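Single-letter residue listing:
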Amino acid sequence: SNGLQQINPDLVDDIIIAGMGGELIADIISKAPWVKNEKYHLILQPMSKADSLREYLYKNGFDIKYEEATVAENKLYTVMSVYFTGEISENISLKKYYGALNPCAKQENKIYIEKTANALLKKGNGILTSDKYSGKANTYISYANVLENYADTGVLQCITTVKDIY
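About the criteria used
Residues numbered from 1 in each chain as written. Predicted model: local features only at pLDDT ≥ 70, side-chain atom pairs only at ≥ 80, totals over all residues. Heavy atoms only, no water. Buried < 20%, exposed > 50% of the residue type's maximum accessible area, 1.4 Å probe, protein only. Helix = DSSP H or I, 4+ residues; strand = E, 2+ residues; numbered from the N terminus. Pairing = 2+ DSSP bridges. Right-handed = clockwise from strand over helix to strand, strands pointing away. 1 Å grid on protein atoms, 1.4 Å probe; cavity = no way out; pocket = protein on both sides within 12 Å on 5 of 7 lines; lining within 4 Å. Points joined across faces, edges and corners; volume = space filled by probe spheres on them. Nonpolar A, V, L, I, M, F, W, Y, C, P; charged D, E, K, R; others polar. Salt bridge = Lys/Arg side-chain N within 4 Å of Asp/Glu carboxyl O. Core = buried A, V, L, I, M, F, W, Y, C linked by side-chain atoms within 4.5 Å. Contact = heavy atoms within 4.5 Å. Axes fitted to C-alpha atoms, helices over the stretch in contact; angles between N-to-C directions.

Novice: What exactly am I supposed to notice about the pairing of strand β2 (residues 41-46) here?
Specialist: On a regular strand, one side chain projects to one face of the sheet and the next to the other, so that they alternate. Of all the six residues making up β2, five are buried; the element is thus mostly covered by neighbouring parts of the structure. In this sheet, β2 lies alongside strand β1 (residues 14-20) in parallel orientation, the contact comprising six bridges. Each residue of the ladder has a partner; that of I17, found in β2, is L44. Assessed by its sense of winding, the connection that carries the chain from β1 through helix α1 (residues 22-30) to β2 is right-handed. In terms of strand pairing, β2 meets strand β4 (residues 75-84) through four bridges, oriented antiparallel. Its bridge partner lying in β4, L42 is registered against V82.

Novice: I would appreciate a short explanation of the pairing of strand β3 (residues 62-72) in the present structure.
Specialist: Note: β3 against β4, 10 bridges, orientation antiparallel. Across the sheet, A72 pairs through a bridge with K75, a residue of β4. Where β3 folds back onto β4 in an antiparallel hairpin, the turn is made up of two residues, including E73, whose phi is positive at roughly 50 degrees.

Novice: Any chance you could explain the layout of surface pockets here in plain terms?
Specialist: If a probe as big as a water molecule is rolled over the atoms, it shows which places are left empty. Put simply, the largest pocket is a space of about 570 Å³. Taken together, 22 residues line the largest pocket, and the ones lying closest to its centre are K49, A50, D51, Y112 and T116. Elements supplying a minimum of two residues to the lining of the largest pocket: α2 (50-59), β4 and α3 (107-130). Of the residues in the lining of the largest pocket, the class split is 10 nonpolar, four polar and eight charged.

Novice: Please clarify how the pattern of salt bridges should be interpreted in this entry.
Specialist: Oppositely charged side chains are able to pair whenever their charged atoms sit close together. Taken as a whole and assessed by the stated rule, the structure comprises seven salt bridges. E55 serves as the salt-bridge partner of K59, at 2.9 Å between the closest nitrogen and oxygen. With K59 and E55 both in helix α2 and four residues apart, this pair spans about one turn of that helix. Under the relative-accessibility criterion, K59 is labelled partly exposed at 44%.

Novice: Please clarify how the nonpolar core should be interpreted in this entry.
Specialist: For soluble globular proteins, the rule of thumb is that nonpolar side chains tend to be buried together. The biggest cluster of nonpolar side chains holds 43 residues, and the ones touching the most others in it are I29, L44, L57 and F62. At the level of elements, β1, α1, β2, α2, β3, β4, α3 and α4 (134-153) are the ones that each hand at least two residues to this core. Contacts of L44, omitting those with residues within four sequence positions, involve I17, I25, I29, L53, L57, T78, V79, M80 and V82.

Novice: How should the sheet that holds β4 be read in this particular structure?
Specialist: Backbone-to-backbone hydrogen bonds join strands into a sheet, with any given pair of strands oriented parallel or antiparallel. Ordered in space as β1-β2-β4-β3, the four strands form an open sheet in which the pairing is mixed. One side of each edge strand has no neighbouring strand; the edge strands of this open sheet are β1 and β3. For this sheet, the mean angle separating the axes of adjacent strands, direction not counted, is 15 degrees. Those strands touched by α3 are β3 and β4, and its axis lies near 95 degrees from that of β3.

Scope: geometric values only; no functional claims are made or implied.
Rendered as structure tokens:
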């Protein structure tokens, strides 16, 4: 079937969606409203755009109970264990970049967070060269710094001076 559209909800408990982009995974979940039920366990493994998937999950009442980075064929991926709680997360502008990854739990988690920080720093510096959106650039650079510190120390700093970019 196309995604979960032809799946009988009474016949599943665990749903694995893996090997595609985070935006497509979010789209598949959004087209199956029956998964918004605490009885279903979602195991999600986005190949790209994990931040977009996390944002969708947090804004639609899902909670990432556990997340772990892993390496397959020399590429770094994240795998998420997700349940519907109905609780909408409000302030996810930074959280969508690290989710439930704990850099102290596993070296791959630390590397994943560092890689994400580097991508945000690169994005921020790229925007600064255009000089049009310096506020967004500074936000990305601030996020990168917080994530780099989180990867190194396992402690998240609060950002109070950076406005949400979305």
